[in-house]
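Chain and residue survey
Take a look at the letters that make up each chain.
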Amino acid sequence: MTLDRDAFFIDGTWTAPASGRTIQVVSPHSEQVVATVPEGTPADIDAAVAAARRAFDHGPWPRLTPQERIDVVQVFSGLYAGRLAEMADLITTEMGSPTSFANLAQSPAPWMQIEAFLGIARDYPWEETRTGVLGTPVMVRREPVGVVAAIPPWNVPQFTIMSKVIPALLAGCTVVVKPAPETPLDGYLMAELLREAGVPAGVVNIVAGGREVGEHLVAHPGVDKVAFTGSTDAGRKIAAVCGQQLKRVSLELGGKSAAIVLDDADLGIAIEGLKFTALMNSGQACVAQTRILASRTRYAEVVDALAEAVSGMQVGDPMDPATEIGPMVAQRQQERVEKYIAIGQEEGARLVAGGNGRPDGLDRGWYVRPTVFADVDNRMRIAQEEIFGPVLSVIPFDDVDDAVRIANDSDYGLAGTVWTGDQAAGLDVARRVRTGTYGVNTYTMDFAAPFGGYKASGLGREFGPEGLGQYTELKSIYLEAPAG
Ligand code: NAD
């Protein structure tokens, strides 16, 4: 079956592109073209925004009751649940996510998000009446923010689309999604399911394309809010445009998170945990905890255990269920990771696993060797800059205060973990690290709770009632005191 497409999903129908430009989706494993799809241009974005605008200003969706919208999204959720394996495979095909990870996070997790948001929407205070300071009633309404531009990255495409589209839909917004050029395919399956679920025409429109069309969408006067996940550099530019236009904006950006291994940690548990928290999705994860902080007392032990564990990880075909590390998404990403490995060596860090060069037995595909550096100083570039690949830095600390200081010595503040035998001590560390999410002996994202970043990791939050709130405007309606 071909994965090729020749249209965009605009106004509830397959719409011919405005130009003949195309995107070739290339498998990061085989380096072969796996699909050709149209590439969005500003004219396609204009058509998508016009459809979303009409659906918002004149269509039924924002005027339905919250329960009526919940009913439609519930149907979508059921359809999505039936296609999880297909969706995971599509994402593995387009961006090389190991199938073990894809079948956990690339489609089941987005579906869990849908279900979580449905539950939140059922209990959400869409309209509440309070007693005001003068004793008279005041109604607080949560109304849809309007037309939303949803811009996801390629690393977890459905995960970062659902976190925007579902709360937007439940709030009564309409949406234009612009998938990244590396991952346009999953959006087509999603479009089919939205149509089948009965989401009205124009409520969700999907046009894949690169930075240029993303910029056009962000600045478009027909867009009321931008919801972006991607790099901090792009986030700053988007925030500047939105600031100028006073457009609502939420940003989920980069990270350089730290995992702190305390002296009383069970090292077996910690290393197993770190293999996931640091290297999930082949290290291409915003929450990847690639700075491993270990006390000087147990430093050598942690370095050895980590080097052994990482050296033993299976690298290769992402479709193989045993694969733990797949290819990088693109050649430029492979080159970027290799550049950072070289920088680490130039900076004087000690290579204890991996290093540059092809992994054994892989003569094509954008693979890198999972790499561990020891004797890393937190001021080094490999400790400060987001690499977005399987490269870990092990940094020594003197005591818990020093560990917290190093964890916080970062421009970013997205995630982190502490590994300890004493949960109370772990919670104490969790309270002191300035990040939007944190885990004690685990890092399992929970869609009931807000997710997002401090500092250069973002603005606003996704998930939980807080994430739904990002798609609402608050209106206060002052009422007369009831008669009598
Ligand atoms: P990127 O910023 O290059 O691109 C992200 C998306 O934005 C793509 O769709 C791209 O086409 C578009 N884009 C780029 N510049 C734009 C601009 N100026 N205006 C409008 N659109 C623009 O990021 P990427 O390389 O695709 O993704 C990797 C980055 O995403 C990493 O920094 C990672 O940490 C971050 N990320 C963050 C989270 C989070 O939740 N915090 C989740 C996943 C990824």
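Parameters at a glance
- Residues numbered from 1 in each chain as written.
- Predicted model: local features only at pLDDT ≥ 70, side-chain atom pairs only at ≥ 80, totals over all residues.
- Heavy atoms only, no water.
- UniProt positions renumbered as here; feature names shortened; annotations may be inferred.
- Domains from an automatic or database assignment.
- Contact = heavy atoms within 4.5 Å.
- Buried area = accessible area lost by both parts, 1.4 Å probe.
- Salt bridge = Lys/Arg side-chain N within 4 Å of Asp/Glu carboxyl O.
- Polar contact = N/O pair within 3.5 Å; in protein donor to acceptor, adjacent residues only side chain to side chain.
- Nonpolar A, V, L, I, M, F, W, Y, C, P; charged D, E, K, R; others polar.
- Pairing = 2+ DSSP bridges.
- Helix = DSSP H or I, 4+ residues; strand = E, 2+ residues; numbered from the N terminus.
- Axes fitted to C-alpha atoms, helices over the stretch in contact; angles between N-to-C directions.
- Near = heavy atom within 4 Å.
- Areas by Shrake-Rupley, 256 points an atom, 1.4 Å probe, with all protein chains shown as cover.
- Core = buried A, V, L, I, M, F, W, Y, C linked by side-chain atoms within 4.5 Å.
- Buried < 20%, exposed > 50% of the residue type's maximum accessible area, 1.4 Å probe, protein only.
- Disulfide = S-S within 2.5 Å.

The name given to the protein in an unreviewed UniProt entry is aldehyde dehydrogenase (NAD(+)), with Nocardioides plantarum as the source organism. The Sequence similarities (unreviewed entry) comment attached to the protein in UniProt states, word for word, "Belongs to the aldehyde dehydrogenase family." Reading the Catalytic activity (unreviewed entry) entry of the UniProt record for the protein gives the comment "an aldehyde + NAD(+) + H2O = a carboxylate + NADH + 2 H(+)".

Attention shifts here to the domain arrangement of the protein. Where interface size is given, it is often the accessible area lost as the parts come together that is meant. As far as domains go, the protein holds domain 1 (8-253 + 457-477) and domain 2 (258-446). On a C-alpha basis, the centres of domain 1 and domain 2 stand 31 Å from each other. If you look at the interface, domain 1 gives 28 residues, while domain 2 gives 32 residues. When the area that domain 1 buries against domain 2 is broken down by residue, the three leading residues are His 29, Trp 154 and Ser 457, summing to 26%. Across the contact surface, domain 1 and domain 2 share one salt bridge. The interface formed by domain 1 and domain 2 holds eleven residue pairs in polar contact (both at pLDDT 80 or more) in total. In terms of residue class, the side of domain 1 that touches domain 2 is built from eleven nonpolar, 13 polar and four charged.

Turning to the sheet that holds strand β15 (residues 371-374), a few remarks are in order. Read across the sheet, seven strands follow the order β14-β15-β16-β13-β12-β18-β19 without closing on themselves; strand pairing throughout is mixed. Edge positions in the sheet fall to β14 (350-353) and β19 (439-440), since each has one partner strand and no second. On the sheet, helix α11 (residues 299-311) packs against β12 (258-261), β13 (291-295), β14, β15 and β16 (391-397) and is oriented at approximately 170° with respect to β16. Contacts from helix α12 (residues 331-346) reach β14, β15 and β16, with the element oriented near 20° to β15.

Moving on, we get to the UniProt feature "domain: Aldehyde dehydrogenase" (unreviewed entry) in the protein. Under the feature "domain: Aldehyde dehydrogenase" (unreviewed entry), the UniProt entry names residues 14-477. With 41% helix and 19% strand, residues 14-477 has end C-alpha atoms that lie 41 Å from one another.

Now for the site of the ligand. Near the ligand lie 27 residues; those nearest to it are Pro 152, Arg 211, Ser 231, Leu 253 and Glu 386. Trp 154 has a polar side-chain atom sitting 3.0 Å from an oxygen atom of the ligand. Expressed as a share of its isolated accessible area of 840 Å², the protein-covered part of the ligand is 90%. Elements with a minimum of two residues in the shell around the ligand: α8 (211-219), β10 (225-229) and α9 (232-245). Considering each element in turn, the shell around the ligand owes the most residues, four residues, to α8. The residue inventory of the shell around the ligand, partitioned by class, reads 14 nonpolar, eight polar and five charged. Of the residues that make up the shell around the ligand, three or more belong to each of domain 1 (8-253 + 457-477) and domain 2 (258-446).

Let us now look at the nonpolar core. The tendency in soluble globular proteins is for nonpolar side chains to be buried as a group. Counting residues in each nonpolar core, the largest one holds 97 residues, and the members touching the most others are Phe 76, Leu 170, Val 204 and Leu 468. Broken down by element, the residue count for this core peaks at nine residues, all from helix α6 (residues 157-171). Setting aside anything within four residues of it in sequence, one finds Val 204 in contact with Phe 9, Val 165, Leu 169, Val 175, Val 177, Leu 194 and Val 199. Among the nonpolar cores identified, the runner-up in size contains 29 residues, and Met 328, Phe 373, Ala 403 and Val 418 belong to it.

A few words now on the state of the cysteines. The bond known as a disulfide is covalent and runs between the sulfur atoms of two cysteines. One pass over the structure, following the stated rule, counts zero disulfides. Free cysteine: Cys 173, not disulfide-bonded; nearest cysteine sulfur from Cys 242 at 15 Å. Among the residues examined, Cys 173 registers a relative accessible area of 0% and is labelled buried.

The next point concerns the environment of Glu 386. Topologically, Glu 386 is positioned in the loop between α13 (381-384) and β16. On a C-alpha basis, the gap between Glu 386 and Trp 14 in space is 38 Å, while along the polypeptide they are 372 residues apart. When sequence neighbours within four positions are dropped, the list of residues in contact with Glu 386 reads Gly 254, Gly 255, Lys 256, Cys 286, Arg 336, Tyr 340 and Tyr 412. Side-chain polar atoms of Glu 386 contact the backbone nitrogen of Gly 255, separated by 3.1 Å.

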